[in-house]
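Here's the letter readout for the chains.
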Amino acid sequence: MFDCVIIGAGPAGLSAAVSAYDQGVKNILVLERDVELGGILNQCIHNGFGLHRFNEELTGPEYAQKFIDLVKDHKITYQLNTMVLEMIQSDDYHEIIAVSKQHGYQHIHTKTIILAMGARERTRFMIQIPGSRPSGVLTAGTAQRYINIEGKMVGKKVVILGSGDIGLIMARRMSLVGAKVLRVVEIEPHSNGLTRNIVQCLDDYNIPLFLSHTVIEIHGNHRLEGVSIAKVDKDKRVIEGTQEYVACDTLLLSVGLIPENELSKTIQLDIDPATKGPIVNEYMETSVAGVFACGNVVHIHDLVDYVSMEAEKAGKSVAEYLTKSMAKTQVVQVEPQGLISYCVPQYVHQNTSLDTIDIMYRVKKVIKKATVLLEDERGEIIKKIPRLNMAPGEMEKIRITRKDLSVPINHITLRLIESEVA
Amino acid sequence: MIKTDVLVIGGGITGASILRELSKYQLSSVLLEANNDIGSGITKGNGGVVHSGYDAHHGSLKAVLNVKGALMYPELAKQLEFAYQPKPTLTVAFNEEDRKTIEELLTNGLKNNVPGLRIIEKDELFSIEPNINPEAICALYAPSAGITDPYEVAIACVENAIENGSQVFVDAKVTAIYKEENGYRVISKQGEFFSRSIINASGVFGDEVAKLVNDHNYKITQRHGALLIIEKAVGIQLNASLFPVPRKDTKGMATIPACAGNIIVGSTAIMQDDKEYKKFSKEEVNDLFNSAQKMVPNLKREHIIRVFNGLRPVEIHSNNDFVIEESNIAEGFYNCIGIQSPGVAAAPAVAMYVVDLLKQKQTLTLKETFNPYRKRIVDFSEASNQEKQRLIEKDANYGNILCRCEVVSEAEILDAIHRPCGARTLDGVKRRTRAGMGRCQGGFCQPKIMDILARELGIPYEKILLEEENSLVLIDQEVE
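Before going into details, it helps to say that this report is about the structure given with it. (Residues numbered from 1 in each chain as written. Chains lettered and ligands numbered in written order. Predicted model: local features only at pLDDT ≥ 70, side-chain atom pairs only at ≥ 80, totals over all residues. Heavy atoms only, no water.)

Moving on to the overall build of chain A. Counting its secondary structure elements, chain A contains 6 helices and 28 strands. The C-alpha radius of gyration of chain A comes to 22 Å, within 12% of the 22 Å expected for a compact globule of 422 residues. The 422 residues of chain A split such that 59% are buried. Roughly 16,300 Å² of accessible area belongs to chain A as shown, and the carbon and sulfur atoms make up 49% of that amount. Considering chain A, the positive charge centre built from 46 side chains and the negative charge centre built from 51 side chains are found 3 Å apart. (Helix = DSSP H or I, 4+ residues; strand = E, 2+ residues; numbered from the N terminus. Rg over C-alpha atoms; globule rule 2.2 N^0.38 Å. Buried < 20%, exposed > 50% of the residue type's maximum accessible area, 1.4 Å probe, protein only. Areas by Shrake-Rupley, 256 points an atom, 1.4 Å probe, with all protein chains shown as cover. Lys, Arg positive; Asp, Glu negative; His and termini not counted. Charge placed at Lys NZ, Arg CZ, Asp CG, Glu CD.)

Right under this line is the structure:
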């Protein structure tokens, strides 16, 4: 019987493992489906990781290595090339069914589980870009893997749809490996990527960014031959007469990530339709006691640093759960309203064991100036914070303390009053 | 030059079914497929419904072969182990005018001898299919229908035919046919063949292939259809394929419970001149989704994981009927033209019909050694936990899961590649194993499957195709 099994050895799983270990949980097993530890960081060979967590700029593999070294130093056990097929809930423990070439078919028993499976990319078909179905249309992450891990070129003349960070990073990467990035196309009137990435990945390479534009048709019966691009109005409807054909052999898609929770469904976790991840409390515990979750499987993060911090919280919570020192009475729901698209955690406890709780959230649109308000069900303001320049691409947080929860309440809402429209 | 008694041109579900039927007899048979895989033309662009035959016009050849073929499916699926489930079709009426139409369809279907066909009223309709829109008033219930994966039927038939002595060549586009004494010389991309008889089962290219023997009697145009795939595990399990009341020439956009647990919505119907038309439009996606949502209000657009499309060959002089006959220009050259919907349901009956035509000219004797059985590729994801354990103990490659969305193991992919007429492309692997067919559409597993294809087939990684000729995934250039 393990004290804790962690599913996924990307940044979330590794940080959680190290944190749980540091908090005294020694009997840990990490299960990873890929051939090495590190997850998606292994293919993110650009730098920019770790500024918040380590105060230095690291590449993805360097960032991962810091945690991999700790996992190995602590002799935390892990299995690679191992796929978890199912989780089964029992009264006092959980059961995991995992398979691998090396270890065969395994029933693993554990007191706690940390879900850290990450996310997957949205595809061309999920957004139903019309046209034919040639090769040469792929997600930015898959292209990144081909180039950075396999050392293979995916194309020479490239259009990128989506100006999220992965799209921006890949625009630079494709340029560096000898492809011509013709343009980055973004349906929103603003980029969802970090400002530093727009400067360092597009401006520095003279790659044009077409805001309020989208790909309206894919051409080519075998390999991609070109895409039609058009301008859209504020309701994202194509403006007639703005269509333009761009000849290219590759279309990379950076059109969003979705938390990967198919496995979570085998244990009937409650899923938040807004985040598409498990509903969690301030301990990162899901709706099934003893099952915790962290990282992109819960909600999509903008920076890996925040993934690590969230995972460390989950690791610490596992230790508290095992020593039964986690206070969990009187649930207080945290509800996003209006221009706030979601909050994590979705609920907290009035007698929480934590001194402070960071409520992470995202806004639905670009906001120039606003006041963020956290109110309880009586309309009493718990927190009121002025904020400038918020964007859907960036994760926001608001901190509450145990003292804020000291009056008996059941429900708090997070909303935002826009004082200057962008 | 390979000599054979019968040569089939076209490895879609029709040609593959004919080849398998031929392999029952004491004769040699060869199939030539222009694409690099079986079932990769119009056969794959299909909703997979095995229609019962209520709507094929009574008196047509189509009606006879549809009803007969559909009834052959359960036994055939047992022999060949392809995916097939008996699932009724419900043609759903939302108003009294619709009711009149389904009453006409009932009359037509009863004349066609469709078993069990009847109109069911609201209560029974909802007990059969609780997911249906509460505004529905009644439906035409056809219990002899089913669902299948048409490309798998074609692959299974070909594998079984090869097992029984047939030869199959892919990448074998036929470019010329010359009449010679006692038969035909066929020039293809895979070399020359000589055959006493030829069966033309070339789908949308049927008219072009007939012209190679100077038979200009046919003109095929294409009815294009787009289809959607809805993610499985969205909590909606349909018990029946749900059809709207049909319009002229099409059964309309149906909501179909696919064998693997997804929902397929299809298809649109737009006439196209281009025989290689492969596009779908935004309007088609909207029409399909709206039609499905009218039938099953709980469907969500965000659950669409794939859009695909296919063509239906329509012979323009034949009033939408199948044309299956010996050419009146070229003796021993048999045409299967205009095998449009319900060509999937009809395929086994079409095959018997064609072989019966051959029998009118020659005596065919059944082979005593004919083995009707074909083993399918193990579906690891569907196996019970006990079976999974046993499979991995037997072959550790079952423990290496490569496609995480559909839970497909390396062992299944190796089997798909090394079978007779096995997979050589990513889509070939996908059609045989479902690897890459799930939510992420191959984003995670594609590089790994490329590795296996390259290793097992001994071809360079960057030469692996997505599907057809020139559909290279990578370009042949090093990363700078």
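Anyway, onward from the coordinates.
Let's shift gears to the overall build of chain B. Along chain B, the regular secondary structure elements total 12 helices and 23 strands. Relative to the globule expectation of 23 Å for 480 residues, the C-alpha radius of gyration of chain B, 22 Å, shows essentially globular dimensions. C-alpha atoms of chain B, sized along the principal axes, occupy 65 × 60 × 45 Å. Counted over contacts in chain B with a minimum sequence separation of 6, partners at least 24 positions apart contribute 71%. As displayed, chain B has an accessible area near 18,400 Å², and 48% of this comes from carbon and sulfur atoms. Across chain B, the mean location of the 54 positive side-chain charges is 1 Å away from that of the 63 negative side-chain charges. (Contact = heavy atoms within 4.5 Å.)

Next up on the list: the sheet that holds strand S24 (residues 356–363) of chain A. Residue and element names in this part refer to chain A. Judged by pairing direction, the sheet is antiparallel, and its 3 strands sit side by side in the order S22-S24-S27 without closing on themselves. Here the strands that pair on one side only, and so sit at the sheet edges, are strand S22 (340–344) and strand S27 (396–401). The average undirected angle you get between the axes of adjacent strands in this sheet is 25°. (Pairing = 2+ DSSP bridges. Axes fitted to C-alpha atoms, helices over the stretch in contact; angles between N-to-C directions.)

This part covers the interface of chain B and chain A. Counting residues at the interface gives 53 residues for chain B and 49 residues for chain A. When the two sides are added together, the surface that chain B and chain A hide from each other amounts to roughly 4,700 Å², 55% of it contributed by carbon and sulfur. Linking chain B with chain A are 7 salt bridges. Of the charged contacts, one joins Asp34 of chain A and Lys448 of chain B as a salt bridge, the two residues approaching to 4.0 Å between their closest N and O atoms. Those elements that place two or more of their residues in the side of chain B that touches chain A are helix H7 (282–295), strand S18 (304–315), helix H9 (385–394), helix H12 (446–457) and strand S23 (475–478) of chain B. When the residues that make up the side of chain B that touches chain A are grouped by side-chain class, the tally is 22 nonpolar, 13 polar and 18 charged. Of the strand pairs in this sheet, strand S11 (residues 152–153) of chain A and S23 of chain B are connected by 2 bridges, and their pairing is antiparallel. Within the sheet, the bridge partner assigned to Met153 of chain A lies in S23 of chain B and is Ile475 of chain B. (Buried area = accessible area lost by both parts, 1.4 Å probe. Salt bridge = Lys/Arg side-chain N within 4 Å of Asp/Glu carboxyl O. Nonpolar A, V, L, I, M, F, W, Y, C, P; charged D, E, K, R; others polar.)

Let us now look at the packing of aromatic side chains. Under the defined criterion, the tally for this structure stands at 11 aromatic pairs over all chains. On the numbers, 6.4 Å between centres and 70° between planes, the contact of Tyr146 of chain A with Tyr461 of chain B is edge-to-face. Here Tyr146 of chain A is found in helix H3 (residues 140–148), whereas its partner Tyr461 of chain B is found in the loop between H12 and S23 on a different chain. For Tyr461 of chain B, a relative accessible area of 9% translates into the label buried. Here the aromatic cluster, defined as three or more aromatic residues joined through ring pairs, consists of Phe54, Tyr63 and Phe67 of chain A. (Phe/Tyr/Trp six-rings, centres within 6.5 Å; stacked < 30°, edge-to-face > 60°.)

Attention now goes to the nonpolar core. If you look at the biggest cluster of nonpolar residues, it comprises 85 residues, and the most contacted ones within it are Ile7, Ile96 and Leu115 of chain A. Counting residues per element, this core draws most heavily on helix H1 (residues 11–22) of chain A, at 7 residues. Leave out the neighbours within four places in its chain, and Ile96 of chain A touches Val5, Ile7, Leu31, Val84, Glu86, Met87, Gln106, His107, Ile108, Thr110 and Ile113 of chain A. The next biggest cluster of nonpolar side chains, apart from the first, holds 49 residues, and it includes Val158, Ile324, Ala351 and Val354 of chain B. (Core = buried A, V, L, I, M, F, W, Y, C linked by side-chain atoms within 4.5 Å.)

Our next topic: empty space enclosed by the protein. Enumeration over the complete set of coordinates arrives at 3 cavities of 30 Å³ or more. Taken together, 27 residues make up the lining of the largest cavity; nearest its centre are Val137 of chain A together with Arg306, Gln441, Gln446 and Leu466 of chain B. Looking at the lining of the largest cavity residue by residue, the classes come out as 12 nonpolar, 10 polar and 5 charged. By volume, the second largest cavity is sized at about 50 Å³. Its residues assigned to classes, the lining of the second largest cavity shows 4 nonpolar, no polar and 3 charged. (1 Å grid on protein atoms, 1.4 Å probe; cavity = no way out; pocket = protein on both sides within 12 Å on 5 of 7 lines; lining within 4 Å. Points joined across faces, edges and corners; volume = space filled by probe spheres on them.)

Throughout the structure, instances matching the rule amount to 61 salt bridges over all chains. One salt bridge connects Glu96 of chain B with Arg99 of chain B, and the closest N-O pair in it is separated by 3.2 Å. One end of the pair is Glu96 of chain B and the other is Arg99 of chain B, both in helix H3 (residues 96–111) and 3 residues apart, which spans about a single turn. Owing to a relative accessible area of 18%, Arg99 of chain B belongs among the buried residues under this scheme. Residue Glu231 of chain B pairs with Arg439 of chain B through a salt bridge whose shortest N-O separation is 3.8 Å. Here Glu231 of chain B is found in the loop between strand S13 (220–230) and strand S14 (241–244), whereas its partner Arg439 of chain B is found in the loop between helix H11 (426–433) and H12, with 208 residues between them in sequence. Per residue, the accessibility class of Glu231 of chain B equals that of Arg439 of chain B, and both read buried. Where salt bridges share partners, they join Arg33, Arg120, Glu260 and Glu262 of chain A together with Glu231, Arg404 and Arg439 of chain B into one cluster.

Further remarks concern the side chain of Gln144 of chain A. Residue and element names in this part refer to chain A. Its place among the elements puts Gln144 in helix H3. On the accessibility criterion, Gln144 (4% relative accessible area) is buried. Among all residues touching Gln144, those that are not within four sequence positions of it are Gln43, Cys44, His46, Ile149, Ile169 and Met170.

A cis geometry characterises the amide bond from Val344 of chain A onward to Pro345 of chain A, with omega recorded as 0°. Tracing the backbone through its elements, the reader meets Pro345 of chain A in the loop between S22 and strand S23 (347–349). The step from Ser341 of chain B to Pro342 of chain B runs through a cis peptide bond, and the omega angle for that step is 0°. Mapping Pro342 of chain B onto the fold places it in the loop between strand S20 (333–337) and helix H8 (343–359). Phi is positive for Gln128 of chain A, which is not a glycine, with a value near 50°. Residue placement: Gln128 of chain A occurs in the loop between strand S9 (119–121) and strand S10 (137–139).

On to the environment of Glu260 of chain A, then. With respect to the helices, strands and loops of the structure, Glu260 of chain A is situated in the loop between strand S19 (257–259) and strand S20 (291–293). Accessibility expressed as a relative area gives 6% for Glu260 of chain A, which makes it buried. Each residue touching Glu260 of chain A, except ones within four places of it in the same chain, is listed here: Arg33, Met117, Gly118, Ala119, Arg120 and Val297 of chain A together with Arg404 and Phe444 of chain B. A polar contact is formed between the side chain of Glu260 of chain A and the side chain of Arg404 of chain B, at a distance of 3.1 Å. (Polar contact = N/O pair within 3.5 Å; in protein donor to acceptor, adjacent residues only side chain to side chain.)

With that settled, the discussion passes to the sheet that holds S10 of chain A. Residue and element names in this part refer to chain A. Read across the sheet, 5 strands follow the order S10-S18-S12-S13-S14 without closing on themselves; strand pairing throughout is parallel. Both edges of this open sheet fall to S10 and strand S14 (209–211), since each of them pairs with a single strand only. Going across the sheet, the axis of each strand differs from the next one's by a mean of 20°, ignoring polarity. In this sheet, S14 lies alongside strand S13 (residues 180–186) in parallel orientation, the contact comprising 3 bridges. Looking at S14, one finds that Val184 is bridged to Leu209. This element, H3, spans S10 and strand S18 (250–253) of the sheet and lies at about 90° to S10.

Geometric descriptors of this kind do not, in isolation, establish any biological role.
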